[in-house]
Amino acid sequence: MITPPNLLTKHEPFMRRALELARQGWGETHPNPMVGALIVEEGRIVAEGYHAQDGGPHAERLALLARGKPPRPGAIMYVTLEPCSTPGRTGACTDAIIAAGFKHVVVGATDPNPAHAGKGFEVLRSAGIEVTSGVLETECSDLNLIFNHWVVKGTPLIAAKSAVTLDGRMACRTGESKWITGEQARADVHRWRRLFPAIAVGAGTVMKDNPRLTARMAGVEEWCPIRFVFDGLLRTVVDKQLADVYTDEFASGRLW
């Protein structure tokens, strides 16, 4: 069933808030997706929740917990991703939504997993719940590009970052190179680095820069992803001066 565009627009402000909630799990939910949910009664948000980490409660259940009591008649559940309909580790969210007595659920993106896609909607509709889907669908889907690629393709999503000058150079004629990109671009790289669960570099980068390979963002604790160093000759292993990548406090148990 296709929802008229004017009805989708009406729901957009609440879905944008659900997206804000979902982003609070940025980089923390692997291998699960980021999801935000909220409960609206009489046009007012009364409870919110987001999936914070793998194995933890899902956004819908946290929103219900935050409400602390059954929603009022006419309450609407907003969620950025189709509610799960299989038990998993935390129980099917469709069961919790039905048990809470909701009569209307508004969803952003459909679950990309072919084994689940649309089944959550079917379960809810079979229980007499109106389902409005596709609200800010592109934004809700893009939020979980790594998860979406994995469940559909079965392969990791790899993103490449390269800093070059306008004439295609990476260093000056002396070989010196530092911060070709500006401060804002460097900050954005660290934001994306925090999202991906692993970072890979070649031996040349390690030997030239002795990088920390961590995500460093203002106001956030420094974080280390799994590190991959492509070094077929093991040059970086025998050089005892390259301490940051192999021996700093972040590297223990996270280097491949």
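None of these values were measured; they are calculated from a predicted model. (Residues numbered from 1 in each chain as written. Predicted model: local features only at pLDDT ≥ 70, side-chain atom pairs only at ≥ 80, totals over all residues. Heavy atoms only, no water.)

(A) Focus on the layout of surface pockets. Within this model, the largest pocket holds a volume of roughly 1800 Å³. As for the largest pocket, its lining consists of 43 residues, of which Lys161, Val189, Arg193, Ile199 and Val201 are closest to the centre. At the level of elements, α6 (145-153), α7 (183-195), β6 (198-202), α8 (203-209) and β7 (226-230) are the ones that each hand at least two residues to the lining of the largest pocket. Of the residues that constitute the lining of the largest pocket, the class distribution is 26 nonpolar, nine polar and eight charged. In terms of lining residues, the second largest pocket is bounded by 28 residues, among which Asn32, Pro33, His58, Cys84 and Phe147 are the most central. Residue assignment for the lining of the second largest pocket shows that the elements contributing at least two residues are α2 (59-67) and α6. Per element, the largest residue contribution to the lining of the second largest pocket is three residues, and it comes from α6. Classifying every residue of the lining of the second largest pocket gives twelve nonpolar, twelve polar and four charged. (1 Å grid on protein atoms, 1.4 Å probe; cavity = no way out; pocket = protein on both sides within 12 Å on 5 of 7 lines; lining within 4 Å. Points joined across faces, edges and corners; volume = space filled by probe spheres on them. Helix = DSSP H or I, 4+ residues; strand = E, 2+ residues; numbered from the N terminus. Nonpolar A, V, L, I, M, F, W, Y, C, P; charged D, E, K, R; others polar.)

(B) Just the nonpolar core, in detail. If you look at the biggest cluster of nonpolar residues, it comprises 43 residues, and the most contacted ones within it are Met15, Ile39, Met77, Tyr78, Phe102 and Val105. Within the residue set of this core, elements represented by two or more residues are α1 (5-22), β1 (36-41), β2 (44-50), α2, β3 (76-81), α3 (93-100), β4 (104-109) and α4 (119-126). Per-element tally for this core: the top contributor is α1, with six residues. Excluding its chain neighbours within four sequence positions, the residues that come into contact with Met77 are Ala37, Leu38, Ile39, Glu60, Leu64, Ile97, Phe102, His104, Val105 and Val106. Ile199, Val201, Val206 and Val229 belong to the second largest nonpolar core, which has five residues in total. (Core = buried A, V, L, I, M, F, W, Y, C linked by side-chain atoms within 4.5 Å. Buried < 20%, exposed > 50% of the residue type's maximum accessible area, 1.4 Å probe, protein only. Contact = heavy atoms within 4.5 Å.)

(C) Structural detail: the packing of α2 against α3. For the pair α2 and α3, the least separation of the axes is 9 Å and the interaxial angle reads 30 degrees. Overall, the two elements α2 and α3 adopt an arrangement that is roughly parallel. Of the two elements, α2 crosses α3, and the hand of that crossing is left-handed. Across the interface between the two elements, Glu60, Arg61 and Leu64 of α2 pack against Cys93, Ala96, Ile97 and Ala100 of α3. Residues of the contact of α2 with α3, tallied by class, amount to five nonpolar, no polar and two charged. (Axes fitted to C-alpha atoms, helices over the stretch in contact; angles between N-to-C directions. Parallel < 35°, antiparallel > 145°, perpendicular 65-115°, else oblique. Left-handed = near helix turned anticlockwise from the far one by under 90°.)

(D) Main features of the environment of Pro71. With respect to the helices and strands, the residue Pro71 is situated in the loop between α2 and β3. Sequence separation between Pro71 and Ala100 is 29 residues; the distance between their C-alpha atoms is 6.9 Å. Residues in contact with Pro71, not counting those within four places in the same chain, are Glu41, Ala100 and Phe102.

(E) Region of the structure containing α3. Within the sequence span of α3, burial applies to Cys93, Thr94, Ala96, Ile97 and Ala100. Burial along α3 is one-sided: seen end-on, the buried residues are contained in an arc of 160 degrees. Considering only its buried residues, α3 is in contact with α2, β3, β4 and α4. Count one or two residues on from α3 and you reach Gly101, which has phi positive near 90 degrees. (Arc of directions from axis to C-beta.)

(F) Fine view of the state of the cysteines. For the structure on display, the rule yields zero disulfides. The thiol sulfur of Cys93 is not disulfide-bonded, and the nearest other cysteine sulfur, from Cys84, lies at 3.6 Å. (Disulfide = S-S within 2.5 Å.)

(G) Structural context of empty space enclosed by the protein. The final tally for this structure, using the stated rule, is one cavity of 30 Å³ or more. Grouping the amino acids of the lining of the largest cavity by side-chain chemistry returns seven nonpolar, five polar and one charged.

(H) Molecular detail of the packing of α3 against α4. One can describe the packing of α3 onto α4 by two numbers: an axis separation of 10 Å at closest approach and a directional angle of 20 degrees. Classed by the angle they form, the pair α3 and α4 counts as roughly parallel. Taken as a pair, α3 and α4 cross one another with a handedness that is right-handed. Across from Thr94, Ile97 and Ile98 in α3, the residues of α4 making contact are Gly120, Val123 and Leu124.

(I) Expanded view of α2. For α2, the set of buried residues is Ala59, Glu60, Ala63, Leu64 and Arg67. The buried side chains of α2 occupy one side of the element, clustering within an arc of 140 degrees when seen end-on. Looking at the buried residues of α2, the elements they touch are β1, β2, β3 and α3. Gly68, located one to two residues past α2, shows a positive phi value of around 75 degrees.

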